[in-house]
Each structure stands twice: as C-alpha cells, then as structure tokens.
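One letter stands for each residue in the lines below.
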Amino acid sequence: MIQIKIYGLGGQGVVTAAKILVEAVVLHELRYAKSLPAYGHERRGAPIYTDVMISDEVILLNSFVYQPDVVMLFDPSV
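Each chain has its residues counted from 1, following the order in which its sequence is written. Predicted model: local features are reported for residues with pLDDT of at least 70 only, side-chain atom pairs are reported and counted for 80 or more only, and whole-chain, interface and lining totals are derived from all residues. Heavy atoms from the whole structure form the basis of all side-chain values; hydrogens and water molecules are not counted.

Focus on the environment of Val15
Put simply, the test is: The helix count covers DSSP runs of H or I at least four residues long, the strand count covers runs of E at least two residues long, and both are numbered beginning at the N terminus. Any two residues whose heavy atoms approach within 4.5 Å at even a single point are treated as in contact.
Structurally, Val15 is set in helix 1 (residues 14-28). Each C-alpha atom, one on Val15 and one on Asp69, is 18 Å from the other, the two residues being 54 residues apart in sequence. Apart from residues lying up to four places away in sequence, Val15 is in contact with Pro37, Tyr39 and Ile48.

This is the structure in structure tokens:
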C-alpha cells in the first residue's frame, strides 16, 4: 500500500487534488484508492491536510496516515 499525505492551506485545492488523484488511480490504473480529508478550521487560509491510500487490494483501513511514503506540500509555511 502506498500512503500519501498532502498538506496545504484552505482554498489551495488540497482536497480536490486528492480526489482527482484517487479517481485517476481507480479509473486508469484499476487499483483501489481512498482519500480521507481532515479539516482543522473550515475557512480559507487555515492549515488542512488529506491522506491518500493506494493499494492493489481492497482498503479496509479507515484511519489517518501516520507514516506516509510520500509527503506533498502545497505551501511551505505549513
């Protein structure tokens, strides 16, 4: 399983990027994928992150990623 954590600020498209990544993996690589967004404050400019899991098998895990394989930063101030 590949685990990805994406950090950014509200309004930068962090959650949207995770959803697009999940759909691309599912539709074009025929693998299983899941995204779990986490919102601290629901306002523009607040720090947020989302977790993405990609696997060849069904993903039964429904928790946040604590040891990611890949970390993506949309804003270095986070």
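Now, onward.
Quick word on the nonpolar core
Here is the rule: In these notes, a set of buried Ala, Val, Leu, Ile, Met, Phe, Trp, Tyr and Cys residues joined through side-chain atoms within 4.5 Å is what counts as a nonpolar core. Relative accessibility under 20% of the residue-type maximum defines a buried residue, over 50% an exposed one, and the middle range a partly exposed one, all with a 1.4 Å probe and only protein chains included.
Counting 11 residues, the largest nonpolar core consists of Ile4, Ile6, Val14, Val15, Ala18, Val22, Val25, Ala33, Ile48, Val52 and Ile54. Counting residues per element, this core draws most heavily on helix 1, at 5 residues. When sequence neighbours within four positions are dropped, the list of residues in contact with Ala33 reads Val22, Val25, Val26, Met53, Ile54 and Ile59.

So, the pattern of salt bridges
Threshold: Salt bridge, as used here: a side-chain nitrogen of Lys or Arg that lies within 4 Å of a carboxyl oxygen of Asp or Glu.
By the definition in use, this model includes 3 salt bridges. One salt bridge in this structure joins Lys5 and Asp51, with 2.7 Å as the shortest N-O distance. With Lys5 in strand 1 (residues 2-9) and Asp51 in strand 3 (residues 47-55), the pair connects residues that are 46 residues apart, well separated along the chain. With a shortest N-O distance of 3.4 Å, Arg31 and Glu29 are connected by a salt bridge. Look at Arg31 and you get partly exposed, because its relative accessible area is 22%.

A short note on helix 1
Filter applied, for reference: Each helix should span, by expectation, one fewer than its residue count multiplied by 1.5 Å. What the arc measures is the spread of directions leading from the helix axis to the C-beta atoms.
Here helix 1 spans 21 Å end to end across 15 residues, near enough to the 21 Å set by a 1.5 Å rise per residue. Here helix 1 has its buried residues at Val14, Val15, Ala18, Val22 and Val25. Each buried residue of helix 1 lies within a common arc of 100° when the element is viewed along its axis, so the set occupies one face. Exposed positions of helix 1 whose direction lies more than 90 degrees from the buried face are Ile20, Glu23, Leu27 and His28. Residues of helix 1 that are buried in the fold lie against strand 1, strand 2 (32-39) and strand 3.

All we've got here are geometric facts, nothing functional implied.
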